Amino acid sequence: MVCPSASGESWSRSCGGAEWATTRVAVDGRPPLGGTPKVFVITGPSGVGKGTLIRGLLERLPELELSVSATTRTPRPGEEHAVDYHFLTAEEFEARVRAGEFVEHANYSGNRYGTLRSDLERRLASGAGVVLEIEVQGARQVRAAMPDAVAVFIAPPSREALRARLVGRGTDSSEQVDERLRTAERELEAQPEFAHVVVNDRLEQATDELVEIVRAAMDP
Ligand code: ADP
Ligand code: 5GP
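The structure displayed is predicted, hence computed values, not measured ones.

Draft legend 1. Seen up close, the packing of helix 5 (residues 159–169) against helix 6 (residues 174–189). Contact geometry for helix 5 and helix 6: axes closest at 11 Å, N-to-C directions at 145°. Handedness of the helix 5/helix 6 crossing: right-handed. Taking contact as the criterion, the partners of Arg159, Leu162, Arg163, Leu166, Val167 and Arg169 in helix 5 are, on helix 6, Val177, Asp178, Arg180, Leu181, Ala184, Glu185 and Leu188.

Draft legend 2. Seen up close, the sheet that holds strand 6 (residues 111–116). Read across the open sheet, the four strands follow the order 4-3-6-5; overall the sheet is mixed. Both edges of this open sheet fall to strand 4 (86–87) and strand 5 (102–108), since each of them pairs with a single strand only. Summarising the sheet, strand 3 (residues 70–71) and strand 4 pair through two bridges and their orientation is parallel. Across the sheet, the residue bridging to Ala70 is His86, located in strand 4. Across the sheet, helix 2 (residues 90–98) is in contact with strand 3, strand 4, strand 5 and strand 6; its angle to strand 6 comes to roughly 45°.

Draft legend 3. Molecular detail of the packing of helix 1 (residues 50–60) against helix 7 (residues 203–218). Put simply, helix 1 and helix 7 touch, their axes get as near as 9 Å, and they point 55° apart. As the angle between them shows, helix 1 and helix 7 are arranged oblique. Between helix 1 and helix 7 lies a crossing whose hand is right-handed. Along the contact surface, helix 1 presents Thr52, Leu53, Gly56, Leu57 and Arg60, while helix 7 presents Leu203, Ala206, Thr207, Asp208, Leu210, Val211 and Val214. Residues belonging to the contact of helix 1 with helix 7 are distributed by class as follows: seven nonpolar, three polar and two charged.

Draft legend 4. Quick look at the site of ligand 1. For ligand 1, the set of nearby residues contains 14 residues, the closest of which are Gly47, Lys50, Gly51, Thr52 and Arg169. Within the backbone of Gly47, a nitrogen or oxygen atom sits 2.8 Å from an oxygen atom of ligand 1. Here an oxygen atom of ligand 1 and a side-chain polar atom of Thr52 are 2.6 Å apart. Surface burial for ligand 1 is 73%, taken as the share of its 560 Å² of free accessible area covered by protein chains.

Draft legend 5. Focus on the packing of aromatic side chains. Applying the stated rule across the entire model yields five aromatic pairs. In this structure, Arg143 packs its charged tip against the face of Phe194, placed 5.6 Å from the ring centre.

Draft legend 6. View of the environment of Glu185. Examined against the element boundaries, Glu185 turns out to sit in helix 6. Looking at Glu185, the relative accessible area reads 36%, which means it is partly exposed. Distance from Glu185 to Pro45, taken between C-alpha atoms, is 8.4 Å for residues 140 residues apart in sequence.

Draft legend 7. Here's a closer look at the side chain of Thr72. Locating Thr72 in the fold gives a position in the loop between strand 3 and strand 4. Beyond its immediate sequence surroundings of up to four residues, Thr72 is in contact with Leu88, Thr89, Ala90, Phe93, Asn111 and Arg112.

Draft legend 8. Structural context of the pairing of strand 6. Taken across its six residues, strand 6 has five buried, putting it largely inside the fold. Bridge count for strand 3 against strand 6 is two bridges, and the pairing is antiparallel. Residue pairing for strand 6: Ala70 is matched across the bridge by Gly114. Pairing between strand 5 and strand 6: six bridges, direction antiparallel. Residue His105 lies in a different strand from strand 6, and its bridge partner there is Gly114. Here strand 5 folds back onto strand 6 in antiparallel fashion, the turn holding two residues, of which Ser109 has a positive phi close to 50°.

What counts, and where the lines are drawn
- Residues numbered from 1 in each chain as written.
- Chains lettered and ligands numbered in written order.
- Predicted model: local features only at pLDDT ≥ 70, side-chain atom pairs only at ≥ 80, totals over all residues.
- Heavy atoms only, no water.
- Axes fitted to C-alpha atoms, helices over the stretch in contact; angles between N-to-C directions.
- Helix = DSSP H or I, 4+ residues; strand = E, 2+ residues; numbered from the N terminus.
- Left-handed = near helix turned anticlockwise from the far one by under 90°.
- Contact = heavy atoms within 4.5 Å.
- Pairing = 2+ DSSP bridges.
- Parallel < 35°, antiparallel > 145°, perpendicular 65-115°, else oblique.
- Nonpolar A, V, L, I, M, F, W, Y, C, P; charged D, E, K, R; others polar.
- Near = heavy atom within 4 Å.
- Polar contact = N/O pair within 3.5 Å; in protein donor to acceptor, adjacent residues only side chain to side chain.
- Areas by Shrake-Rupley, 256 points an atom, 1.4 Å probe, with all protein chains shown as cover.
- Phe/Tyr/Trp six-rings, centres within 6.5 Å; stacked < 30°, edge-to-face > 60°.
- Lys NZ or Arg CZ within 6 Å of the ring centre and 35° of its normal.
- Buried < 20%, exposed > 50% of the residue type's maximum accessible area, 1.4 Å probe, protein only.

Right, dumping it as structure tokens:
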């Protein structure tokens, strides 16, 4: 059996099952962050509704904070530096990778994205639960670095719905939509790796399901 791998991660017997790895080490040699589940990873293909669901989650559970990622992507109209992302040049991003400043990072659709350790640790230190909205490669790295993180895969009701949402959002060119949908095919294959899967069909129901997963993990 060929199992997907991420740096520093070793997989349990059945990597297709919804199990975390049996042996976990930090991605960069540092000790894993951990303790009570405080880090919530929301993953799934672009356009599936992660951002929309997270807005609902934060409204319902205001004790949570959303981590602000770094990216080399160009800001979209209305996006603000340090609010939506830390927008970095390719050189700045690479320098911060080399300095070990990322908990996880990945290439996605020709750009780089990553979670800054400083951003995450500052929020955790303030006592907040922290939500990471990241793609699948990053989710795998977080799983390796932070075994107590709770990861939720958001799935579309259908491929047609995913395309319609990406097109309807109006933020990507048709070439970018096609590229994101190609990536989505690979990401959808990762779904069985996740213990929690929420199908975002009816938004209200999906939000309820996500809130319940997070609430149960915070207050077992
Ligand atoms: P992601 O953050 O996963 O890339 P978004 O939250 O930006 O996705 O959602 C993509 C588009 O789909 C947005 O226009 C959003 O309003 C829409 N959307 C989100 N959830 C639903 C849903 N359950 N039904 C229909 N449209 C949705
Ligand atoms: P977008 O360009 O639409 O903002 O984001 C593209 C993809 O990158 C989305 O799936 C989003 O969840 C993901 N992403 C955003 N921030 C991060 C991050 O810090 N790390 C990783 N690995 N993915 C991210």
